[in-house]
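Observations on the three-dimensional arrangement
So the chains spell out like this:
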Amino acid sequence: MADLRGKRVLVTAGPTHEAIDPVRFIGNHSSGRMGICIAEEAARQGAEVTLVCGPSHLASAPGVHRIDVISAQQMYDLVLPLFADADIAILSAAVADYRPRAVSAQKIKKKDASLTIELEPTPDILASLGQIKREGQLLVGFALETENALANAQEKMVRKNCDLMVMNTLADEGAGFGHDTNRVTIIDRRGNITNFGLRPKTEVAIDILTHISQTL
Ligand code: CTP
């Protein structure tokens with residue numbers, strides 16, 4: 001088992017919700033479970049863990065310092081300064097890539113005509129950390145791909161300047177969003193590719209942290 005005693009670990013988890021009006025939002029199916037399992041396992045291994053979590057119904061162990069957020073912007077605003085003190089950052093959150101350009105102050109009323117909502121990109125937290133990463137800090141990204149998984153994940157790892165990429169696809173029965181199990185492949189900057197089998201997310205968290213410890 002990996003030993004993370006004395007390490008400061010920052011984890012993002014869950015979806016983000018991007019407000020359309022006071023009652024509606026754009027979101028996704030992430031439960032936050034994978035990131036919560038990673039945060040809890042890192043704490044079990046002795047790390048000082050901060051978890052920045054988007055809207056999730058799941059609780060996390062008391063050993064994890066958890067900060068709940070709603071939107072990508074809130075996650076970005078919190079994570080950037082926290083990264084300065086982190087040895088390892090694991091960004092497993094399924095951050096919304098776009099948000100409504102304008103949030104309506106009142107509930108949007110139904111009309112007969114179609115409705116168009118203009119979207120703008122959210123800040124990319126992983127890419128921003130990649131830009132300010134210092135020597136000795138380890139940055140881990142997640143990539144959920146539905147096609148050309150390996151090539152896309154490799155491109156993403158280089159573009160966002162992270163050290164490891166944890167890749168999963170929606171192709172596996174029982175893996176990913178909404179499931180207790182996951183199947184991941186970890187890739188690094190030297191071109192190593194490590195495949196893991198379909199396993200409970202608690203065990204996938206151990207695999208990921210063991211891989212990280214070996215990379216340190
Ligand atoms: N991520 C982030 N901030 C965002 C979007 C994504 O920190 N605004 C992080 C995720 O937490 C994950 C990684 O970036 O670790 C991959 O996210 P993904 O949305 O798949 O990457 P994109 O660059 O948006 O690529 P695409 O949507 O084209 O697959």
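Residues numbered from 1 in each chain as written. Predicted model: local features only at pLDDT ≥ 70, side-chain atom pairs only at ≥ 80, totals over all residues. Heavy atoms only, no water.

Things to note about the site of the ligand
Definition in use: The near set for a molecule or strand comprises every residue that places at least one heavy atom within 4 Å of it. Only the protein chains shown count as cover for residues, with accessible areas throughout obtained via the Shrake-Rupley method and a probe of 1.4 Å.
Surrounding the ligand, one finds 14 residues, the nearest of these being Leu91, Ala93, Leu126, Phe142 and Lys156. Calculation on the ligand without its partners gives an accessible area of 580 Å², and the protein chains cover 78% of this total.

What to know about the packing of helix H2 (residues 72-83) against helix H3 (residues 125-132)
Rules: Angles run from 0 to 180 degrees between N-to-C directions of axes, and those axes are lines fitted to C-alpha atoms, restricted for helices to the stretch in contact. Each helix is a run of H or I in the DSSP string that is no shorter than four residues. Each strand is a run of E no shorter than two, and both are numbered from the N terminus. Between 65 and 115 degrees an angle is taken as roughly perpendicular, under 35 as roughly parallel, over 145 as roughly antiparallel, and anywhere else as oblique. In this scheme, a crossing is called left-handed if the near helix is turned counterclockwise away from the far one by less than a right angle; it is called right-handed if the turn is clockwise. Contacts between residues were defined by any pair of non-hydrogen atoms, one from each residue, lying within 4.5 Å. Three classes are used: nonpolar for Ala, Val, Leu, Ile, Met, Phe, Trp, Tyr, Cys and Pro, charged for Asp, Glu, Lys and Arg, and polar for all others, with Gly counted as polar.
Following both chains from N to C, one finds H2 and H3 inclined at 20°, their axes separated by 10 Å at the closest point. Classed by the angle they form, the pair H2 and H3 counts as roughly parallel. The element H2 and its partner H3 pack so that their crossing is right-handed. Facing Ala72, Met75, Tyr76, Val79, Leu80 and Phe83 of H2, the residues of H3 in contact are Ile125, Ser128, Leu129 and Ile132. Split by residue class, the contact of H2 with H3 holds 9 nonpolar, 1 polar and no charged.

Description of the nonpolar core
In a soluble, globular protein the nonpolar side chains are often hidden away together inside. Put simply, the rule reads: Definition used in this section: a nonpolar core is a set of buried Ala, Val, Leu, Ile, Met, Phe, Trp, Tyr and Cys residues joined via side-chain atoms within 4.5 Å. Exposure categories follow from relative accessible area, calculated using a 1.4 Å probe and restricted to protein chains: below 20% of the type maximum is buried, above 50% is exposed, and the middle band is partly exposed.
If you look at the biggest cluster of nonpolar residues, it comprises 30 residues, and the most contacted ones within it are Ile38, Ile90, Ile208 and Ile212. Residue assignment for this core shows that the elements contributing at least two residues are strand S1 (8-13), helix H1 (33-44), strand S4 (48-53), strand S6 (88-91), strand S9 (138-145), strand S10 (164-169) and helix H5 (201-215). In terms of residues, this core owes the most to one element, H1, which gives 6 residues. Excluding its chain neighbours within four sequence positions, the residues that come into contact with Ile208 are Met34, Ile38, Phe142, Val166 and Ile186. In this structure, Leu10, Met75, Ile125 and Met165 belong to the second largest nonpolar core, which totals 22 residues.

With respect to the packing of H1 against H5
At their nearest, the axes of H1 and H5 sit 8 Å apart, and the two run at 60° to each other. Taken together, H1 and H5 sit at an angle that is classed as oblique. Remark: the crossing between H1 and H5 carries right-handed chirality. Judged by residue contacts, Arg33, Met34, Cys37, Ile38, Glu41 and Ala42 of H1 engage Lys201, Thr202, Val204, Ala205, Ile206, Ile208 and Leu209 from H5.

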